[in-house]
Amino acid sequence: MSAPRANPPMAMLAELTHRCPLSCPYCSNPLELERKDRELTTDEWKDVFTQAAEMGVLHVHFSGGEPASRRDLEEMVAHARDAGLYTNLITSGIGLTRRRLEALDSCGLDHVQLSLQGVDAQMADLVGGYKGGFDRKMQVAGWIGEIGFPLTLNAVMHKKNFDRLEETIAIALDMGARRLEVATVQFHGWAAKNRAALMPTREQAKQARLTVNAARARLAGVLVIDYVPADHHSDYPKPCMGGWASTGINIAPDGSVLPCHAAHTIEGLNFDKAHERPLKDIWYNSHAFNAFRGFDWMQEPCRSCELKTKDFGGCRCQAMAIAGDAAATDPVCIKSPLHAELVRRAEADAEDDADLIYRLMPD
Amino acid sequence: MSVTLQDSDCPVILRGVRTHFDRVRNVWVLLAPERVLKLDDIGRAILDEIDGTRSFGEITAILAEKYDAPPERISEDARTYLSGLIARRMVEAR
Ligand code: SF4
Ligand code: SF4
């Protein structure tokens, strides 16, 4: 079978490290976290960014864990910017000082995306599992504003905080953010362990949509709101962005090159390392990147469904997690034989009142 | 709140938003937080005239002259285009 022709990737998610002072129970990192001594070196990362720019990547998102855990963050941002990339820092703010932010400013950092764990210290420190985290974050947000970085606030929404969405929007405005991401928790990574603690109710999901729409109208030209709805309460899956391995390329701390951050959960796929094979070759020719490109891999009901060109059959990682087969229809889809069971489980988890299970770092 | 742009307003391209020539795809783009907009010649011509001091009226007058086009037409096109960018928080009218 010849592989369908892919376009160059638009964006790179660079997971510099899995280290993080917080331990959010919905962290998208894998359950098996990489230790510091397995991380790519500064020079290896720089080479990744050079290759990324050459192959057509436009945005690079410095992420983690907490990217500020890397002391060489500034050097890498400067390198990526020199290579012509748009640089975005995805951070909890913890580990950043005013001095480091000023250094990042002179390195040409384009944009900061700050995560919000809760609307007050009690909630935020509970969710982040880090005492004092909220106060520190508010201080960092102040510095970001003073330096003048454009800011996006990213709020992961779930059962415990959905009812405080209006307050979340108010915080984004207070911080002077231009964008707010209202992202309903995705049940990959650590969040999959926390379904019973985090699954929103159907009512919450419905209310969130109304709140977001009202805020968008009210705040046009002031705050852009991106909304990621709760897909377990939907009839159709969220589209896999442009299709598998079509838009973004992810680099894990150890250099593994993935089509998306949850792709390591898919059995039977082997991921090349960025320091062992040219990125371009991995993107166009590797088995893992070609596994679900195009439509030939699809099964019924997706294969004969007209929506397949829009949603690409939904999420491969979710199909793997719930159907046990990465080529299956995303069970969120009403046409999936597993849909009814998915809804039943989502509703049961939404009614539950489980404690949070925190992400743990390896010693 | 609606987004309007008066002739006397001074449009500025916000920090974190910049034009970039994409050598791989051979096209000009506008890079912004989480967004990439493809720029056609018209979009680029409009953005090129924004320098942070010129008013919208001045910009459209320059464009009308440069491209020998009716000012009302230019003004309408540029207003639609920039209003879209203002709504997306990429440009601000000051
Ligand atoms: S059957 Fe497949 S392609 Fe059709 S809507 Fe469902 S997930 Fe999408
Ligand atoms: S497979 Fe799933 S997690 Fe990966 S990009 Fe697609 S939707 Fe996202």
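None of these values were measured; they are calculated from a predicted model. (Residues numbered from 1 in each chain as written. Chains lettered and ligands numbered in written order. Predicted model: local features only at pLDDT ≥ 70, side-chain atom pairs only at ≥ 80, totals over all residues. Heavy atoms only, no water.)

1. Topic: the overall build of chain B
Link 1 in the chain: Scanning chain B for helices and strands turns up three helices and five strands.
Link 2 in the chain: When its helices and strands are written in sequence order, chain B yields β-β-β-β-α-α-α-β.
Link 3 in the chain: Taken over the C-alpha trace, chain B has a radius of gyration of 13 Å; the compact-globule value for 94 residues is 12 Å, and the two agree within 12%.
Link 4 in the chain: With the C-alpha coordinates aligned to their principal axes, the bounding extent of chain B is approximately 35 × 35 × 20 Å.
Link 5 in the chain: The proportion of buried residues among the 94 residues of chain B is 44%.
Link 6 in the chain: Taking the contacts inside chain B whose residues are at least 6 apart along the sequence as the reference set, 56% of them involve residues at least 24 apart.
Link 7 in the chain: By element, 48% of the accessible surface of chain B is carried by carbon and sulfur atoms, the whole surface being about 5200 Å².
Link 8 in the chain: Between the averaged position of the 14 positive side-chain charges in chain B and that of its 16 negative side-chain charges there is a distance of 10 Å. (Helix = DSSP H or I, 4+ residues; strand = E, 2+ residues; numbered from the N terminus. Rg over C-alpha atoms; globule rule 2.2 N^0.38 Å. Buried < 20%, exposed > 50% of the residue type's maximum accessible area, 1.4 Å probe, protein only. Contact = heavy atoms within 4.5 Å. Areas by Shrake-Rupley, 256 points an atom, 1.4 Å probe, with all protein chains shown as cover. Lys, Arg positive; Asp, Glu negative; His and termini not counted. Charge placed at Lys NZ, Arg CZ, Asp CG, Glu CD.)

2. Considerations on the interface of chain B and chain A
Link 1 in the chain: In this assembly, 22 residues from chain B lie in contact with 35 residues from chain A.
Link 2 in the chain: Summed over both sides, the interface of chain B with chain A buries roughly 2300 Å², with 51% coming from carbon and sulfur.
Link 3 in the chain: The largest per-residue losses of area from chain B upon contact with chain A belong to Arg-15, Glu-34 and Arg-89 of chain B, which jointly make up 31% of the total buried on that side.
Link 4 in the chain: Put simply, chain B and chain A have three salt bridges between them.
Link 5 in the chain: The salt bridge involving Arg-18 of chain B is made with Asp-110 of chain A; its shortest N-O contact spans 2.8 Å.
Link 6 in the chain: Taken together, the elements giving at least two residues each to the side of chain B that touches chain A come down to strand E2 (18-22), strand E3 (27-32), strand E4 (35-38) and helix H3 (71-87) of chain B. (Buried area = accessible area lost by both parts, 1.4 Å probe. Salt bridge = Lys/Arg side-chain N within 4 Å of Asp/Glu carboxyl O.)

3. A look at the pairing of E3 of chain B
The side chains of a regular strand alternate, residue by residue, between the two faces of the sheet.
All names here are of chain B.
Link 1 in the chain: Most of E3 sits inside the fold, with five of its six residues counted as buried.
Link 2 in the chain: Where E2 and E3 come together, five bridges link them in antiparallel fashion. Bridge pairing in E3 links Asp-22 to Val-27.
Link 3 in the chain: What sits between the antiparallel neighbours E2 and E3 is a turn of four residues, in which Asn-26 has the positive phi angle 60°. (Pairing = 2+ DSSP bridges.)

4. Concerning the sheet that holds strand E1 (residues 11-15) of chain A
Residue and element names in this part refer to chain A.
Link 1 in the chain: Spatial ordering of the open sheet is given by E7-E6-E5-E4-E3-E2-E1-E8-E9, a layout of nine strands whose pairing is mixed. In the strand order of this sheet, the two ends are held by strand E7 (224-228) and strand E9 (257-258), each with one partner.
Link 2 in the chain: With respect to the sheet, helix H2 (residues 73-82) is in contact with strand E2 (59-63) and strand E3 (86-91), its orientation differing from that of E2 by roughly 175°. (Axes fitted to C-alpha atoms, helices over the stretch in contact; angles between N-to-C directions.)

5. Thoughts on the packing of aromatic side chains
Link 1 in the chain: The final tally for this structure, using the stated rule, is seven aromatic pairs over all chains.
Link 2 in the chain: Aromatic pair Phe-21 of chain B and Trp-28 of chain B: ring centres 5.4 Å apart, planes at 55°, arrangement tilted.
Link 3 in the chain: Each member of the aromatic cluster is reached from another via a ring pair, and the members are Trp-45, Phe-49 and Phe-62 of chain A.
Link 4 in the chain: Between Arg-293 of chain A and the ring centre of Trp-283 of chain A, over which it is positioned, the NZ or CZ distance is 4.9 Å.
Link 5 in the chain: We note Arg-44 of chain B situated over the ring of Trp-28 of chain B; from NZ or CZ to the ring centre the distance is 4.1 Å. (Phe/Tyr/Trp six-rings, centres within 6.5 Å; stacked < 30°, edge-to-face > 60°. Lys NZ or Arg CZ within 6 Å of the ring centre and 35° of its normal.)

6. Some remarks on the packing of H2 of chain A against helix H3 (residues 98-106) of chain A
Residues and elements named next belong to chain A.
Link 1 in the chain: Two elements in contact, H2 and H3, have axes separated by 9 Å at closest approach and are oriented at 15°. Taken together, the axes of H2 and H3 are roughly parallel relative to one another. Once H2 is placed against H3, the crossing between them reads as right-handed. From H2, Leu-73, Glu-74 and Val-77 reach across to H3, where they touch Arg-100, Ala-103 and Leu-104.
Link 2 in the chain: Residue composition of the contact of H2 with H3, by class: four nonpolar, no polar and two charged. (Parallel < 35°, antiparallel > 145°, perpendicular 65-115°, else oblique. Left-handed = near helix turned anticlockwise from the far one by under 90°. Nonpolar A, V, L, I, M, F, W, Y, C, P; charged D, E, K, R; others polar.)

7. Considerations on the site of ligand 2
Link 1 in the chain: In the vicinity of ligand 2, the residues found are His-188, Cys-240, Cys-260, Cys-315, Arg-316 and Cys-317 of chain A.
Link 2 in the chain: Residues that form the shell around ligand 2 fall into these classes: four nonpolar, one polar and one charged. (Near = heavy atom within 4 Å.)

8. Focus: the site of ligand 1
Link 1 in the chain: Around ligand 1, the surrounding shell consists of Tyr-236, Pro-237, Pro-301, Cys-302, Cys-305, Leu-307, Lys-308, Asp-311, Gly-313, Thr-329, Cys-333 and Lys-335 of chain A.
Link 2 in the chain: One can see that ligand 1 is located within the largest cavity. (1 Å grid on protein atoms, 1.4 Å probe; cavity = no way out; pocket = protein on both sides within 12 Å on 5 of 7 lines; lining within 4 Å. Sits in = over half its atoms within 2 Å of the grid points.)

9. Points about empty space enclosed by the protein
Residue and element names in this part refer to chain A.
Link 1 in the chain: Overall, the coordinates contain three cavities of 30 Å³ or more when judged by the stated rule.
Link 2 in the chain: Within this model, the largest cavity holds a volume of roughly 80 Å³.
Link 3 in the chain: If you trace the largest cavity, you find it lined by Tyr-236, Pro-237, Pro-301, Cys-302, Cys-305, Leu-307, Lys-308, Asp-311, Gly-313, Thr-329, Cys-333 and Lys-335.
Link 4 in the chain: Looking at the lining of the largest cavity residue by residue, the classes come out as seven nonpolar, two polar and three charged.
Link 5 in the chain: If you add up the space inside the second largest cavity, you get close to 60 Å³.
Link 6 in the chain: The element contributing the most residues to the lining of the second largest cavity is strand E5 (residues 151-157), with three residues.
Link 7 in the chain: Among the residues making up the lining of the second largest cavity, the classes are represented as six nonpolar, four polar and one charged. (Points joined across faces, edges and corners; volume = space filled by probe spheres on them.)

10. Quick notes on the pattern of salt bridges
Link 1 in the chain: The tally for this structure, following the rule as stated, stands at 33 salt bridges over all chains.
Link 2 in the chain: Across the pair Asp-349 of chain A and Arg-195 of chain A runs a salt bridge, and its minimum N-O distance is 2.7 Å. You can see Asp-349 of chain A sitting in helix H13 (residues 339-351) and its partner Arg-195 of chain A sitting in helix H7 (residues 195-198), a full 154 residues away along the chain.
Link 3 in the chain: Residue Asp-349 of chain A is classed as buried on the basis of its relative accessible area of 13%.
Link 4 in the chain: On the accessibility criterion, Arg-195 of chain A (10% relative accessible area) is buried.
Link 5 in the chain: Ionic pairing is found between Lys-66 of chain B and Glu-49 of chain B, a salt bridge with its closest N-O pair at 2.7 Å.

11. Here we look at the sheet that holds E4 of chain B
Residue and element names in this part refer to chain B.
Link 1 in the chain: Taken in spatial order, the three strands of this open sheet run E2-E3-E4, and their pairing is antiparallel. For this open sheet the edge positions go to E2 and E4, each flanked by a neighbour on one side alone. Adjacent strand axes in the sheet meet at a mean angle of 35° when their direction is disregarded.
Link 2 in the chain: The pairing of E3 with E4 spans four bridges and is classified as antiparallel. Directly across from Leu-30, in E4, lies its bridge partner Leu-37.

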